[in-house]
Amino acid sequence: MAVDDEHFREFVETRYMDLLRVAYHLTGSAQDAEDLVQTALVKVMRRWRRIDDPMAYLRRVMINHHISSWRRHRVHEVVTSFLPDRSGRDMTEAVTERHALYEAMRELTPRTRAVIVLRYVVDLPEAAVAATLGCSVGSVKSRASRGLARLRLALASETSTPNPLPTTTSAATDPAPTGTTTMTGVTP
């Protein structure tokens, strides 16, 4: 048993940050990510001797636990962070973009988020993602495609700024949509 304990300890020491990164992308919160990794490690520790590929097994445990907890607690807590004053280059734009991405990721379903994280953050091939999630490669492709489309749409709406001044239009001054015929019969 001591040999298994030592192997487990070595694995955790070398792969903890990788697991934490995956968990952070799944949860969107540093505290929830730490809790998710700890929960997964406790579950895996009991079966350590029987696991062939511990990293893949732990990813699967984290994803399953996150999906289960999401189903139980569908109320999302919004966490805001304030950056401390730092000297050096201004990272405001990068932080804002990253925050917008994480907020958009939080709007995805847990399975779609898991596909996006495993495919594009962990950089697993589609077949490995399908094996990890227990679904077909086609399902991984479609979830990734739909998830990326939703992320693009959410991020595009984040970057477009609405007109801050309200405008009033009347039917006489409001131009007709493209491709429609106006009262005079002229298409704009």
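Residues numbered from 1 in each chain as written. Predicted model: local features only at pLDDT ≥ 70, side-chain atom pairs only at ≥ 80, totals over all residues. Heavy atoms only, no water.

Residues of helix H6 (residues 126-133) that are buried include every one of Val-129, Ala-130, Thr-132 and Leu-133, and no others. For H6, the buried positions fall inside an angular range of 165° around the axis, keeping them on one side. One or two positions beyond H6, positive phi appears at Gly-134, with a value near 70°. (Buried < 20%, exposed > 50% of the residue type's maximum accessible area, 1.4 Å probe, protein only. Helix = DSSP H or I, 4+ residues; strand = E, 2+ residues; numbered from the N terminus. Arc of directions from axis to C-beta.)

A full pass over the atoms with the stated rule returns 3 aromatic pairs. With 5.0 Å between their ring centres and 80° between their planes, Phe-8 and Trp-48 make a pair best called edge-to-face. Taken as a pair, Phe-8 in helix H1 (residues 2-27) and Trp-48 in the loop between helix H2 (30-45) and helix H3 (54-72) lie far apart in primary sequence, 40 residues in all. For Phe-8, a relative accessible area of 12% gives the class buried. Among the residues examined, Trp-48 registers a relative accessible area of 13% and is labelled buried. Each residue in the set Phe-8, Phe-11 and Trp-48 is aromatic and connected to the rest through ring pairs, giving one cluster. It is Arg-119 that lies over the ring of Tyr-120; its NZ or CZ is 5.5 Å from the centre. (Phe/Tyr/Trp six-rings, centres within 6.5 Å; stacked < 30°, edge-to-face > 60°. Lys NZ or Arg CZ within 6 Å of the ring centre and 35° of its normal.)

To continue, consider the nonpolar core. In this structure, Leu-19, Leu-26 and Met-62 are the most contacted members of the largest nonpolar core, which totals 38 residues. For this core, the secondary-structure elements that each account for two or more residues are H1, H2, H3, helix H4 (92-106), helix H5 (110-121), H6 and helix H7 (137-159). Here this core gets 8 residues from one element, more than from any other, and that element is H1. Not counting residues within four places of it along the chain, the set of residues in contact with Met-62 comprises Leu-19, Val-22, Ala-23, Leu-26, Leu-36, Val-37 and Ala-40. (Core = buried A, V, L, I, M, F, W, Y, C linked by side-chain atoms within 4.5 Å. Contact = heavy atoms within 4.5 Å.)

A few words on the pattern of salt bridges. Tallying each qualifying case throughout the model produces 3 salt bridges. Glu-6 is the partner of Arg-9 in a salt bridge, and the nearest nitrogen-oxygen pair spans 3.3 Å. Within this pair, Arg-9 and its partner Glu-6 are both found in helix H1, separated by 3 residues, close to a single helical turn. The exposure class of Arg-9 is partly exposed, given its relative accessible area of 44%. Across the pair Glu-126 and Arg-119 runs a salt bridge, and its minimum N-O distance is 3.9 Å. Taking the relative accessible area as the measure of exposure, Glu-126 reaches 26% and is therefore partly exposed. (Salt bridge = Lys/Arg side-chain N within 4 Å of Asp/Glu carboxyl O.)

Another point: H2. With 16 residues, H2 extends 22 Å between its outermost C-alpha atoms, agreeing within 8% with the 22 Å of an ideal straight helix rising 1.5 Å per residue. Taken as a whole, H2 has its buried residues at Ala-33, Leu-36, Val-37, Ala-40, Leu-41 and Val-44. The arc enclosing the buried residues of H2, seen along the axis, measures out at 130°, which places them on a common side. (Expected span 1.5 Å × (residues − 1).)

Our next topic: the confidence of the model for the protein chain. For the protein chain, per-residue confidence averages 78 on the pLDDT scale, and residues scoring 70 or more make up 71% of the total. By mean pLDDT, the top-scoring element of the protein chain is H6 (93), and the lowest-scoring one is H3 (84). Note that residues 161-188 has pLDDT below 50 and, in this model, 9 contacts with residues that lie over four places away or in other chains. (pLDDT = per-residue confidence, 0-100.)

Packing of H5 against H6 leaves a shortest axis separation of 10 Å and a crossing angle of 140°. With respect to their mutual orientation, H5 and H6 come out oblique. The hand of the H5/H6 crossing is right-handed. Each of Arg-111, Ala-114, Val-115, Leu-118 and Arg-119 in H5 lies in contact with H6, whose residues at this interface are Glu-126, Val-129, Thr-132 and Leu-133. Split by residue class, the contact of H5 with H6 holds 5 nonpolar, 1 polar and 3 charged. (Axes fitted to C-alpha atoms, helices over the stretch in contact; angles between N-to-C directions. Parallel < 35°, antiparallel > 145°, perpendicular 65-115°, else oblique. Left-handed = near helix turned anticlockwise from the far one by under 90°. Nonpolar A, V, L, I, M, F, W, Y, C, P; charged D, E, K, R; others polar.)

So, on to a positive patch on the surface. A surface patch of like charges, here positive, comprises Lys-43, Arg-46, Arg-47 and Arg-50. The residue Arg-50 is located in the loop between H2 and H3 in this model. For Arg-50, a relative accessible area of 65% puts it in the exposed group. (Patch = residues over 30% accessible without salt bridge, like charges linked within 9 Å, V, L, I, M, F, W, Y side chains within 5 Å. Areas by Shrake-Rupley, 256 points an atom, 1.4 Å probe, with all protein chains shown as cover. Lys, Arg positive; Asp, Glu negative; His and termini not counted. Charge placed at Lys NZ, Arg CZ, Asp CG, Glu CD.)

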